[in-house]
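So the chains spell out like this:
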Number of protein chains: 2
Amino acid sequence: MKILLVGASGTLGRAIDAELSADHEILRAGRGSGDFRVDLRDDASVAELFRATGKVDAIVAASGNVHFGPLAEMTPAQFDSGLQDKLLGQVRLALIGQHHLNDGGSITLTTGILAEEPIRQGANATAVNAAVEGFARAAACELGRGLRINVVSPNALQESWEGYRAYFPGFEPVPAARAALAYRRSVEGVQSGRVYKVW
Amino acid sequence: MKILLVGASGTLGRAIDAELSADHEILRAGRGSGDFRVDLRDDASVAELFRATGKVDAIVAASGNVHFGPLAEMTPAQFDSGLQDKLLGQVRLALIGQHHLNDGGSITLTTGILAEEPIRQGANATAVNAAVEGFARAAACELGRGLRINVVSPNALQESWEGYRAYFPGFEPVPAARAALAYRRSVEGVQSGRVYKVW
């Protein structure tokens, strides 16, 4: 398969690349690095990405930022920054990308354990992740041509654990390579509308 | 209690008003009608609302629009319109409103059955509703001073069923008066982080 991987240079992206590249052709895209440059916050940039790649068999998004900060100090603008980046960015990739997938192709988006398990300062992350999962749940029912859409929800990653452990008390980090297996399940599997939890 | 009700003139808002007004003082707010005018899409308008109301004991939001349309034709801008209105509008009311609640006060937001049960053309609605529920789930863990936050998720309303029934095949509409009971549970109850489903 020809797989477009957005966020290919991140910790998770590199693990997905390593998991899938022996069996598939990986088109690596990112905001600041990769064979293809794309800003998921911009319609024209995403359209240009697909003009450059041509039709693909799978789209995988492993990118997106949310706002972390105390609820008592959070501003609507800060909350919106996560909506525009990790939520609408991935939705934009899916909405535009659906027209550039071969029949039977798939879209795989990324959320995280905070969708269901809140942490301190994580209200934006929980909302954004829940929304991405909701989008996939609904979009799966409407996609035609055998297209599928799923979400992978990893726990905190072992590779970035030192920076995150204070915010995730008692959480059990997972290796990025284990999270990457879930992307293979989504890309090569048969299900749609699923959230593959790696926790 | 002194209860701020945003969206007071809508079908749901009027039912909430009828349910609560015998026992509480209701401050009725809306975009185009009510004792207090507010545009939840605008920080300054929400701040002005609370300057006008002073401290309250409960904030109830029964307003917000989402985009309905086929997934294959949906644009990122259309998707964002629902994020800005029903999602960020209610979040803005909560983020700013938390500082204008008396100790032990509550915030009650509104989603809908589409959060969990997708319909055709409803991908934006499902994502927006899931995000609002995620926000409340996480915010409930961080609020101080005994403040609480909950969500009411009604089914389609009997009062507006004629216009909606084609989009909700086999759904069982509920009277707005029954949905209104859930707002009383949230406002007068003890729970926080709950989604009260009226379906």
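Here the structure is shown first, and the text comes after it.
Residues numbered from 1 in each chain as written. Chains lettered and ligands numbered in written order. Predicted model: local features only at pLDDT ≥ 70, side-chain atom pairs only at ≥ 80, totals over all residues. Heavy atoms only, no water.

A.B. asks: What exactly am I supposed to notice about the overall build of chain A here?
C.D. replies: Counting secondary structure elements, chain A contains six helices and seven strands. Moving toward the C terminus, one meets the helices and strands of chain A in the order β-α-β-β-α-β-α-β-α-β-α-α-β. Taken against the 2.2 N^0.38 rule, which gives 16 Å for 199 residues, the C-alpha radius of gyration of chain A at 16 Å falls within 12% of a compact globule. Counting only C-alpha atoms, chain A reaches 45 × 35 × 35 Å along its principal axes. Per-residue burial for chain A yields a buried fraction of 57% across its 199 residues. The contacts of chain A with a sequence gap of at least 6 include a subset with a gap of at least 24, amounting to 67%. When the accessible surface of chain A is summed, it comes to about 7,700 Å², and 48% of that surface belongs to carbon and sulfur atoms. Averaging the positions of the 20 positive and the 22 negative side-chain charges in chain A gives two centres separated by 1 Å. (Helix = DSSP H or I, 4+ residues; strand = E, 2+ residues; numbered from the N terminus. Rg over C-alpha atoms; globule rule 2.2 N^0.38 Å. Buried < 20%, exposed > 50% of the residue type's maximum accessible area, 1.4 Å probe, protein only. Contact = heavy atoms within 4.5 Å. Areas by Shrake-Rupley, 256 points an atom, 1.4 Å probe, with all protein chains shown as cover. Lys, Arg positive; Asp, Glu negative; His and termini not counted. Charge placed at Lys NZ, Arg CZ, Asp CG, Glu CD.)

A.B. asks: Mind showing me how you'd approach the relation of the copies chain A and chain B here?
C.D. replies: There are two copies of the chain, and a rotation about an axis plus a shift along that axis relates them. Between chain A and chain B, which share one sequence, the superposing operator has a rotation angle of 180 degrees and an axial displacement of 0.0 Å; the RMSD is 0.0 Å. Taken together, the rotation and translation describe the operation of a two-fold axis. For chain A, the minimum C-alpha distance to the rotation axis belongs to A:A131 and amounts to 2.2 Å. Residue by residue, 100% of the interface of chain A is reproduced at the interface of chain B, so both copies engage with the same surface. (Least-squares fit on C-alpha atoms with pLDDT ≥ 70 in both.)

A.B. asks: How do you make sense of the packing of aromatic side chains when you look at a structure like this?
C.D. replies: Geometry of an aromatic ring pair is reported as the spacing of the ring centres plus the angle between the planes. All told, the structure shown has eight aromatic pairs over all chains when counted by the stated rule. Relative to A:F171, the ring of A:F168 lies with its centre 5.1 Å away and its plane at 90 degrees, an arrangement referred to as edge-to-face. Of the two residues, A:F168 and A:F171, both sit in the buried class. An angle of 85 degrees between the planes, with centres 6.1 Å apart, marks the rings of B:Y164 and B:F168 as edge-to-face. The partly exposed category is assigned to B:Y164, whose relative accessible area is 40%. The structure contains a cluster of three or more aromatic residues connected by ring pairs, namely A:W161, A:Y164, A:F168 and A:F171. (Phe/Tyr/Trp six-rings, centres within 6.5 Å; stacked < 30°, edge-to-face > 60°.)

A.B. asks: Is there a simple way to explain the sheet that holds strand β1 (residues 2–6) of chain A in this structure?
C.D. replies: One key point about sheets: their strands pair by backbone hydrogen bonds, in either a parallel or an antiparallel sense. Residues and elements named next belong to chain A. One open sheet holds the seven strands; their spatial order is β3-β2-β1-β4-β5-β6-β7, and the pairing between them is parallel. This sheet does not close on itself; its edge strands, each paired only once, are β3 (36–37) and β7 (195–198). Bridge analysis of β1 against strand β2 (residues 25–30) gives five bridges, and the strand direction is parallel. Bridging across to β2, L4 finds its partner in L27. Most of the contacts of helix α3 (residues 76–97) go to strand β5 (residues 101–110), to which it runs at about 175 degrees, and overall it touches β1, β4 (56–61), β5 and β6 (148–154). (Pairing = 2+ DSSP bridges. Axes fitted to C-alpha atoms, helices over the stretch in contact; angles between N-to-C directions.)

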